[in-house]
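# Observations on chain architecture
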Amino acid sequence: MTGRPEADPLPIALTPAWPERAAWGTAPSLRAWQTAAMRQYFEQHPRDFLAVATPGAGKTTFALSVAAELLGRRIVDRITVVAPTEHLKLQWAEAAARAGIPIDPTYAAGKGKTSQDFVGIAVTYAGVAVNPLAMRIRTERFKTLVILDEVHHAGDAMSWGEGVREAFEPATRRLALTGTPFRSDINPIPFVTYAPGDDGVPRSVADFTYGYAHALADHVVRPVLFMAYSGEMSWRTRAGDEIAARLGEPLTKDLTAQALRTALDPSGSWIPSVLAAADSRLTEVRRHVPDAGGLVIASDQDTARSYAKTLKQITGEPATVVLSDEKASSKKISEFTDSDRRWMVAVRMVSEGVDVPRLAVGVYATRTSTPLFFAQAVGRFVRARTRGETASVFLPSVPALLGFASEMEVERDHVLGRRISDEGDIFAAENDLLAQANAGESASDELEASFEALGSEARFDRVLFDGGEFGHAGEVHVGSEEEMDFLGIPGLLEPGQMRELLQQRQSDRARKQKAAPKPEPDTVAEVTTHEQLAVLRRELNGLVAAWFHRTGQAHGITHAALRKECGGPAAAVATAEQLHARIDKVREWAVRKSS
């Protein structure tokens, strides 16, 4: 393949697509990682190149710089951009126009030709899968560079991957981009190289990697302050049992899912309390970043609308609601991007790739809890504009989410299922498929068919930052002075300053607790009936959960047996005497089982 002579210098000062949004102190030159990646690309001249760069690092600018250089050298004469969503097609077209590369985002496979004013098109993975042959014919007609944005989506469905492979196999160059390549399935991503790891399992091999830790050190992305909230939840299961549990406590997978669903229910108290706390944080951030905005990521369209109503009650101004099936969704995102409005609420529309640089505060209010979705969602808040900006993301105290938050800097690859160790393991592939099917049909899905949230209460739990945890272990009421110690942290702080401030807040609280007068040993603290019943319900549910782990007997069956033996209604409406009787009965069963 023809390349530029060695004496010809590689341009390293191309203007980014958005100069005003480049890393602090770097505009108008390319960022250091973009320059390094471009140098490597044009030294090797690969047909396929996979660049993994953390969300917000500037993958679009890098790809368009490569495209401009390839066009200038006449190595290619057409560009095809493949994006996950319709909105991202428009975003790519706008970015390419700023870089002097006209791209048609309205192209459809059945449309055929485009205007001669365009040197490229933008399509979706789904659109390619509908008619890969038409895309292949176009790719064969021209020397084409294919940019596969968020290429891990080519593994979402077998038809998508097969369509991408068929359509773009004849391409002159293929540039694959992703911020989160990690998946765990058996669908290989087209045009990505895999190599066995130490355990023998094939993993994707990136040609260039720029992780979150490097981007944070280069001030390319913002550090993220995770605000975790726990609280008491109560709900009714399909069997009619009323269960109370604390969000964040060790629970079974099903109970955790139901507790999370209760917390996110718009009619409860948890989500309004967390939205109010997030808005308080946004107010503090806007003291230093006047146009800072917030984003709530909801589970579905109905809850998104309900959250928007709650935000209007809190802030006094309407929130922008973005729904994926609305034709005006892209326009709404663009209008919000260019405005100074406080809040936007969306389902999945802005979970990946969408660029709204002023987003500084987020609320993760969705039941989707995969590492891929979490990383892409958090990626909406990390794009740095000014040095010292910090992102704040509010989330439920769910073990999986807290784990993702604490592992933000871990780099992952796409893992292809399990290793087939020997000839005797011929059913490995079938076992992988079965495991995937079972994972998608958990018992919680069955229980949620007639799930009913009864009530929720939010408590400030802790702050996660830079691998450390700071806070009060779920002790703090929403709106308290202790919570405001963290919500009122300035919006412009260097990572080192943030770490020192959090440590100072933590030590101040520990000092106050140590200095506080201890209660007289003989005094009896006054406890309301409501609090007493809540304590007893938690104790009962904890014992029932322990009984489940010991015997495998379902929670609903155990509760029904306790009601039959001890009398009284479901736990949520039982009296203290009845709850005491059930607690004693479970303990009696445990003693009997031991003997």
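The sections below set out a description of the structure shown in this document. (Residues numbered from 1 in each chain as written. Predicted model: local features only at pLDDT ≥ 70, side-chain atom pairs only at ≥ 80, totals over all residues. Heavy atoms only, no water.)

The next subject is the pattern of salt bridges. Tallied over the entire structure, the rule returns 20 salt bridges. We note a salt bridge from lysine 585 to glutamate 565, for which the minimum N-O separation is 3.2 Å. Pair noted here: lysine 585 is in helix α20 (residues 576–594) and glutamate 565 is in helix α19 (residues 555–566), with a separation of 20 residues, a long-range link. Given a relative accessible area of 16%, lysine 585 falls into the buried group. One network of salt bridges, in which partners are shared, links Arg222, Asp291, Arg385 and Glu389. (Salt bridge = Lys/Arg side-chain N within 4 Å of Asp/Glu carboxyl O. Helix = DSSP H or I, 4+ residues; strand = E, 2+ residues; numbered from the N terminus. Buried < 20%, exposed > 50% of the residue type's maximum accessible area, 1.4 Å probe, protein only.)

Bringing the packing of helix α9 (residues 270–288) against helix α10 (residues 301–315) into the picture now. Two elements in contact, α9 and α10, have axes separated by 10 Å at closest approach and are oriented at 50°. As the angle between them shows, α9 and α10 are arranged oblique. At the point where α9 passes α10, the crossing takes the right-handed sense. The residues of α10 that touch α9, namely those facing Ile271, Pro272, Leu275, Ala276 and Asp279, are Tyr307, Thr310, Leu311, Ile314 and Thr315. Among the residues forming the contact of α9 with α10, the class breakdown is seven nonpolar, two polar and one charged. (Axes fitted to C-alpha atoms, helices over the stretch in contact; angles between N-to-C directions. Parallel < 35°, antiparallel > 145°, perpendicular 65-115°, else oblique. Left-handed = near helix turned anticlockwise from the far one by under 90°. Contact = heavy atoms within 4.5 Å. Nonpolar A, V, L, I, M, F, W, Y, C, P; charged D, E, K, R; others polar.)

Moving on to the environment of lysine 89. With respect to the element layout, lysine 89 can be found in helix α3 (residues 86–98). With a relative accessible area of 7%, lysine 89 lands in the buried category. A sequence separation of 17 residues divides lysine 89 from threonine 106, and the C-alpha atoms of the two residues are 8.4 Å apart. Leave out the neighbours within four places in its chain, and lysine 89 touches Ala83, Pro105, Tyr107, Ala122, Val123 and Thr124. One polar contact links the side chain of lysine 89 to the main-chain carbonyl oxygen of proline 105, over a distance of 3.1 Å. (Polar contact = N/O pair within 3.5 Å; in protein donor to acceptor, adjacent residues only side chain to side chain.)

In this section: unusual backbone geometry. Here histidine 45, not a glycine, exhibits a phi torsion of approximately 50°, which is positive. Mapped onto the elements of the fold, histidine 45 is located in the loop between α1 (32–44) and β1 (48–53). Within the chain, phenylalanine 191 stands out as a residue other than glycine whose phi angle is a positive 65°. Mapped onto the fold, phenylalanine 191 is located in the loop between β7 (184–185) and β8 (194–196).

Bringing the pairing of strand β13 (residues 293–298) into the picture now. The buried fraction of β13 amounts to six of the six residues, a majority that puts the element mostly inside the structure. On β13, burial covers both faces: Gly293, Leu295 and Ile297 on one face and Gly294, Val296 and Ala298 on the other are all buried. Pairing between β13 and strand β16 (residues 359–365): six bridges, direction parallel. By the bridge assignment, alanine 298 is partnered in β16 with alanine 365. (Pairing = 2+ DSSP bridges.)

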